[in-house]
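Secondary and tertiary structure notes
Residues per chain, in single letters:
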Amino acid sequence: MIDNAEDLKEKALENKAGLKKQYVNIPIGDEEYGFRISGIGAKSVKLEKYVKYDEIFEALEAGNDTGLESIIKQIIEDYEEEDEEE
């Protein structure tokens, strides 16, 4: 069993090609979502998932108001561009 970040990083980098073909299922709200491991780097692992706009509204119309789709919709709705200070 790996018990430190350095050994975990080394194993990930050694197995980069195979790991990038793996998926991770993560529960969010009442649903489980599949994320693809899209990157293995020296500092982190990158997870990726595409969520189509139609899927957002289909999930909400089906009553899924605690899932990833709802969270993404709320982030987009609440976003306001910050003014750059000069």
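Above this note sits the structure.
What you are looking at is a predicted structure, and each value in this text was computed from that prediction instead of being measured.

**Some points on the sheet that holds strand 3 (residues 45-48)**
- Taken in spatial order, the three strands line up as 1-2-3 in an open sheet, and their pairing is antiparallel. Edge positions in the open sheet fall to strand 1 (23-28) and strand 3, since each of these has one partner strand only. Taking the axes of each pair of neighbouring strands and ignoring which way they run, one obtains an average angle of 45° across the sheet.
- Pairing of strand 1 with strand 2 (residues 31-40), which is carried by six bridges, proceeds in the antiparallel orientation. Across the sheet, residue Val24 finds its bridge partner in strand 2, namely Phe35.

**Regarding a negative patch on the surface**
- Side chains of Asp3, Asp7, Glu10 and Glu14 sit close together on the surface and give a patch of like negative charge.
- When its relative accessible area of 67% is taken as the criterion, Asp3 is described as exposed.

**Some points on the side chain of Ser38**
- Within the secondary structure, Ser38 sits in strand 2.
- For Ser38, a relative accessible area of 14% translates into the label buried.
- Excluding residues within four positions of it along the chain, Ser38 makes contact with Lys20, Lys46, Leu47 and Glu48.

Conventions adopted
Residues numbered from 1 in each chain as written. Predicted model: local features only at pLDDT ≥ 70, side-chain atom pairs only at ≥ 80, totals over all residues. Heavy atoms only, no water. Pairing = 2+ DSSP bridges. Helix = DSSP H or I, 4+ residues; strand = E, 2+ residues; numbered from the N terminus. Axes fitted to C-alpha atoms, helices over the stretch in contact; angles between N-to-C directions. Patch = residues over 30% accessible without salt bridge, like charges linked within 9 Å, V, L, I, M, F, W, Y side chains within 5 Å. Areas by Shrake-Rupley, 256 points an atom, 1.4 Å probe, with all protein chains shown as cover. Salt bridge = Lys/Arg side-chain N within 4 Å of Asp/Glu carboxyl O. Lys, Arg positive; Asp, Glu negative; His and termini not counted. Charge placed at Lys NZ, Arg CZ, Asp CG, Glu CD. Buried < 20%, exposed > 50% of the residue type's maximum accessible area, 1.4 Å probe, protein only. Contact = heavy atoms within 4.5 Å.

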